[in-house]
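Close look at the chain arrangement
Each chain is listed here by its residues.
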Amino acid sequence: MASWLSTETKVVVQGLTGREGKFHALAGRDYGTQVVAGVTPGKGGSNVEGILVFNTVHEAVAETGANASLLFVPPPAAADGIMEAADAGVALIIAITEGIPVNDMIRVKAFLADRPNVRLVGPNCPGVIRPSAKVKLGIMPARIHRPGKVGIVSRSGTLTYEAVGQTTALGLGQSTCIGIGGDPVNGTNFIDCLQMFKDDPETEAIIMIGEIGGSAEEEAAAWIQANLKKPVASFIAGRTAPPGRRMGHAGAIISGGKGTATEKVAALRAAGVLVADSPALIGETLLKAIKG
Amino acid sequence: MKVHEYQAKEILRRYGVPTPTGRVTDSPEEARQIAKDLGGRAVVKAQIHAGGRGKGGGVKLAKSPDEAFEAAKAIIGMQLVTHQTGPEGRKVKKVLVEAAADIAQELYLGITLDRAIGKPVLMASKFGGMEIEEVAHRDPTAILKEPFDAIAGLQPFQARKVAYALGLTGETHKKAVPFLLALAKAYVETDCSLAEINPLMITGSGDVVALDAKMNFDDNALFRHLDIKEYRDLDEEDPLEVEASKFNLNYIKLDGNVGCMVNGAGLAMSTMDIIQYAGGSPANFLDVGGGANEEQVRNAMRIILSDPNVKGVLINIFGGIMRCDIIASGVVKAVKEIGCTIPVVVRLEGTNVEEGKAILRDSGLAVIPADGMKDAAEKIIAAVAKGGN
Ligand SMILES: Nc1ncnc2c1ncn2[C@@H]1O[C@H](COP(=O)(O)OP(=O)(O)OP(=O)(O)O)[C@@H](O)[C@H]1O
Ligand SMILES: [Mg+2]
């Protein structure tokens, strides 16, 4: 299986009529993405710069053939919006919204368990971009990306841009970049992305950016060691973060002495992954990993 | 969000979790009266948002109303230092005066999210009353873990299993099961991120009672728990953090001297990391967030500069949702308003970067531009060292 995005990707933007929804829907369209519809309950029949707005995702899918959703719905209604998209048969749902209650995400995960063909990316993430296909579902600035061979996966938005900027500067470019989001319960995890990168012919090397909290990096490290031959470089944010404090992301917290950057770096290094000591050295570290 | 023990117990009682009888007060006189109402013997407990109160001298047994008065007088107003407060301690404003219980056994119960499986997990141990982290460290098998489905809730068979594993039998077992079910219900329905009963007391007569209670709530879910939101105690939080939260800014105060303003939590954390890597030390974590406006940026700058330790500021923006021009005009306004005299290094990249750089250039302010994070970190550390007073 290759990248989750292709020139066939047709996007419905949930929350298109909001400020951020509109800004990033249009930026995505300018980049080359097929933005075919918007959904805002109560605003069906209107349009945003030529993009038709529907009252329900079901209608939008029936009328336009949308097969992916980009979601900007405000936190109290966001879980509902994700489930609506899944129920309408949208196969790829990218949830940008930050601040969804954990219990709502637990409900979403249970709802998605019955729909194994639906992939949710996020929430609280920058989205996904594939420069070679000119498809961008997210809030990342398009101009820093170049088509190329590095697959990037990260829990953080802006830190992903940092890695993108560095790989662009080194002339490596990116195959697909995925932000999986900073929440403790999310749709797509590191291993899902690593599996995709493993199978993706466009991806020749991988950058994985983690941060404090939870054990997703440790689980990814074990998977990499057992399954992945492509070179991997990593960076873990939060080495200077104090324990017991949530560092912005709902999921970025060292609790009960668990989830420290030190543990994660050690697990990755033990799995043969090169880990950059400084966020400015992510690109250089990847070059080293590629050279072997 | 954290709440006090007495508030957590109020919430738990609504769900049918038994707690000792008692009342909260800020007056030693009233503490004496409460103890009298309770029959004389009472426990006086400091109410602060930090654990380890007992070891720090914040929990005292009183054998008479007069002793309760003395205990309350000693505790109210004290600067209570525990392993969680840091050396400066926390000022105690209120005490909870509770009936002194006849303790036969102290157990541990906790519920939190198990992130690896995306489900709440009930943790239980026979070794209550102590640091549960210590217990976990010494013997991980001493803590029993029972994950449960948040939608279906903890099931009675699970509660029975846990109660048996805690060694509870007969009438005590029969009382422990509804206790566990009520605790799990409270956890889910109030959107907790942590509910901890340590110690869970078994009395001499076999009753099951929550002697202590700690509840943390999912900040993102507080919009549907306005009653719980009312429990927020701003005195327990850092004043600069409280100020920042008014503007929806994510600010955490640290001990260093390089203030940071960054967009995005991951980049904010790694900006702290790179400052340290370059030989400096960060004064704060500050994520201005995804869609920050000029007003928020202006306040962010003001809050960073009001920390007296700050000797220089590093602004690191990689715009996605956040637009560089908004950051730039907010910074310019704040610096003009406050008359900032310490060095400010700005690194801008991403959406509307050229507009942002132009605003900074045309402002006439002496901000130092930087290319990339490494350059930014090195420049601010050099500038702070040069300013070095
Ligand atoms: N009502 C009570 N009657 C008798 N003893 C009590 C009572 N409340 C507390 N104690 C005793 O005091 C000890 C400490 O109380 P508690 O657990 O509430 O505070 P702590 O654990 O020190 O504080 P924290 O939970 O902040 O770490 C208990 O383990 C128990 O032995
Ligand atoms: Mg306790």
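Here the structure is a predicted model, which is why all the values come from computation and not from measurement.

Calculation criteria
- Residues numbered from 1 in each chain as written.
- Chains lettered and ligands numbered in written order.
- Predicted model: local features only at pLDDT ≥ 70, side-chain atom pairs only at ≥ 80, totals over all residues.
- Heavy atoms only, no water.
- Helix = DSSP H or I, 4+ residues; strand = E, 2+ residues; numbered from the N terminus.
- Contact = heavy atoms within 4.5 Å.
- Areas by Shrake-Rupley, 256 points an atom, 1.4 Å probe, with all protein chains shown as cover.
- Lys, Arg positive; Asp, Glu negative; His and termini not counted.
- Charge placed at Lys NZ, Arg CZ, Asp CG, Glu CD.
- Buried area = accessible area lost by both parts, 1.4 Å probe.
- Salt bridge = Lys/Arg side-chain N within 4 Å of Asp/Glu carboxyl O.
- Buried < 20%, exposed > 50% of the residue type's maximum accessible area, 1.4 Å probe, protein only.
- Expected span 1.5 Å × (residues − 1).
- Polar contact = N/O pair within 3.5 Å; in protein donor to acceptor, adjacent residues only side chain to side chain.
- Axes fitted to C-alpha atoms, helices over the stretch in contact; angles between N-to-C directions.
- Parallel < 35°, antiparallel > 145°, perpendicular 65-115°, else oblique.
- Left-handed = near helix turned anticlockwise from the far one by under 90°.
- Nonpolar A, V, L, I, M, F, W, Y, C, P; charged D, E, K, R; others polar.
- 1 Å grid on protein atoms, 1.4 Å probe; cavity = no way out; pocket = protein on both sides within 12 Å on 5 of 7 lines; lining within 4 Å.
- Points joined across faces, edges and corners; volume = space filled by probe spheres on them.
- Near = heavy atom within 4 Å.
- Pairing = 2+ DSSP bridges.
- Donors = N, O, S within 2.8 Å, 3.2 Å for Na, K, Ca; no water.
- Phe/Tyr/Trp six-rings, centres within 6.5 Å; stacked < 30°, edge-to-face > 60°.
- Lys NZ or Arg CZ within 6 Å of the ring centre and 35° of its normal.
- pLDDT = per-residue confidence, 0-100.

1. A word on the overall build of chain B
- Along its length, chain B carries 13 helices and 18 strands.
- A principal-axis box enclosing the C-alpha atoms of chain B has dimensions of 75 × 45 × 40 Å.
- If you take every contact in chain B between residues at least 6 apart in sequence, the share linking residues at least 24 apart comes to 68%.
- Taken as a whole, chain B presents about 16,400 Å² of accessible surface, with 52% of it coming from carbon and sulfur.
- Charged side chains in chain B number 46 positive and 52 negative. The centres of these two groups are separated by 2 Å.

2. A closer look at the interface of chain A and chain B
- Taken together, the contact between chain A and chain B spans 55 residues of the former and 46 residues of the latter.
- Roughly 4,000 Å² is buried in total at the junction of chain A and chain B, and carbon and sulfur atoms are behind 61% of that figure.
- The three residues of chain A that bury the most area against chain B are A:Thr158, A:Thr240 and A:Met247, which together make up 15% of that side's buried surface.
- Seen at the junction of chain A and chain B, the total is 4 salt bridges.

3. Side note on the pattern of salt bridges
All names here are of chain B.
- Using the criterion set out here, one finds 44 salt bridges over all chains in the structure.
- Lys45 is the salt-bridge partner of Glu5, the closest N and O atoms lying 2.6 Å from each other. Taken together, the positions of Glu5 in helix 1 (residues 5-14) and Lys45 in strand 2 (residues 42-46) put the pair 40 residues apart, joining distant regions of the chain. As far as burial versus exposure is concerned, Glu5 and Lys45 are alike and both buried.

4. Remarks on helix 10 (residues 294-305) of chain B
- End to end, helix 10 of chain B covers 17 Å across 12 residues, agreeing with the expected 16 Å (1.5 Å per residue, within 8%).
- Two or three places before B:Glu295, at the start of helix 10 of chain B, stands the capping residue B:Asn293, its side-chain oxygen 3.2 Å from that residue's backbone nitrogen.

5. Considerations on the packing of helix 11 (residues 324-338) of chain B against helix 12 (residues 353-362) of chain B
All names here are of chain B.
- Viewed as axis vectors pointing N to C, helix 11 and helix 12 meet at an angle of 15 degrees, and their least axial separation amounts to 7 Å. Between helix 11 and helix 12, the angle is such that the two are roughly parallel. The handedness of the crossing between helix 11 and helix 12 comes out as right-handed. Taken together, the residues of helix 12 that come into contact with helix 11 (itself represented by Cys324, Asp325, Ala328, Ser329 and Val332) are Val353, Glu355, Gly356, Ile359 and Leu360.
- Residue classes in the contact of helix 11 with helix 12 are distributed as 6 nonpolar, 2 polar and 2 charged.

6. Focus: the layout of surface pockets
- Empty space within the second largest pocket amounts to approximately 590 Å³.
- As for the second largest pocket, its lining consists of 30 residues, of which A:Lys109, B:Arg115, B:Ala116, B:Ile117 and B:Gly118 are closest to the centre.
- Among the residues making up the lining of the second largest pocket, the classes are represented as 13 nonpolar, 9 polar and 8 charged.

7. As for the site of ligand 1
All names here are of chain B.
- Close contacts around ligand 1 come from 18 residues, with Lys45, Gly52, Gly54, Glu106 and Asp212 the closest.
- Measuring from an oxygen atom of ligand 1, one finds a backbone N or O atom of Gly52 at 2.4 Å.
- In this structure, an oxygen atom belonging to ligand 1 sits 3.2 Å away from a main-chain N or O atom of Asn198.
- Contact with the protein chains hides 82% of the accessible area of ligand 1, taken as 610 Å² for the molecule alone.
- Taken together, the elements giving at least two residues each to the shell around ligand 1 come down to strand 2, strand 6 (95-99), strand 7 (103-114) and strand 10 (192-203).
- For the shell around ligand 1, a count of residues per class yields 9 nonpolar, 4 polar and 5 charged.

8. Notes on the sheet that holds strand 3 (residues 59-62) of chain B
Residue and element names in this part refer to chain B.
- Pairing in this open sheet of 4 strands is antiparallel, and the strands run 1-6-2-3 from one edge to the other. The outermost strands of the open sheet, each flanked by one partner alone, are strand 1 (22-25) and strand 3. Across this sheet, the average inter-strand angle for adjacent strands is 20 degrees, counted without regard to direction.
- Looking at chain direction, strand 2 and strand 6 are connected through 5 bridges and run antiparallel. Residue pairing for strand 6: Val44 is matched across the bridge by Val97.

9. Quick notes on the coordination of the magnesium ion (ligand 2)
Residues and elements named next belong to chain B.
- Coordination of the magnesium ion (ligand 2) by the protein comes from Asn198 (O) and Asp212 (OD), over a distance range of 2.2 Å. Residue Asn198 is found in strand 10, and its partner Asp212 is found in the loop between strand 11 (208-210) and strand 12 (214-217); the two are separated by 14 residues along the sequence.
- Overall, the relative accessible area of 15% leaves Asn198 in the buried class.
- Asp212 gets classed as buried once you look at its relative accessible area, which sits at 16%.

10. Thoughts on the packing of aromatic side chains
- Scanning all chains against the criterion turns up 1 aromatic pair over all chains.
- Ring centres of A:Tyr161 and B:Phe318 lie 5.7 Å apart, and the angle between their planes is 65 degrees; this geometry places the pair in the edge-to-face category. Separated into two different chains, A:Tyr161 in helix 5 (residues 157-169) and B:Phe318 in strand 16 (residues 312-319) make up a pair that spans both. When sorted by exposure, A:Tyr161 lands in the same class as B:Phe318, which is buried.
- Against the face of A:Phe111 rests A:Arg115, its NZ or CZ located 3.8 Å from the ring centre.

11. Side note on the packing of helix 10 of chain B against helix 11 of chain B
All names here are of chain B.
- Between helix 10 and helix 11, the shortest axis-to-axis distance is 8 Å and the interhelical angle comes to 45 degrees. Looking at the two axes, helix 10 sits oblique to helix 11. Seen along the crossing, helix 10 lies across helix 11 with a hand that is right-handed. Here Glu294, Val297, Arg298, Met301, Arg302 and Leu305 of helix 10 lie close against helix 11, whose contacting residues are Ile326, Ile327, Ser329, Gly330, Val331, Lys333, Ala334, Val335, Glu337 and Ile338.
- Partitioned by chemical class, the residues of the contact of helix 10 with helix 11 number 9 nonpolar, 2 polar and 5 charged.

12. Details of the confidence of the model for chain B
- Per-residue confidence for chain B gives a mean pLDDT of 93, with 98% of residues at or over 70.
- Reported confidence for the predicted complex is 0.93 by ipTM and 0.93 by pTM.

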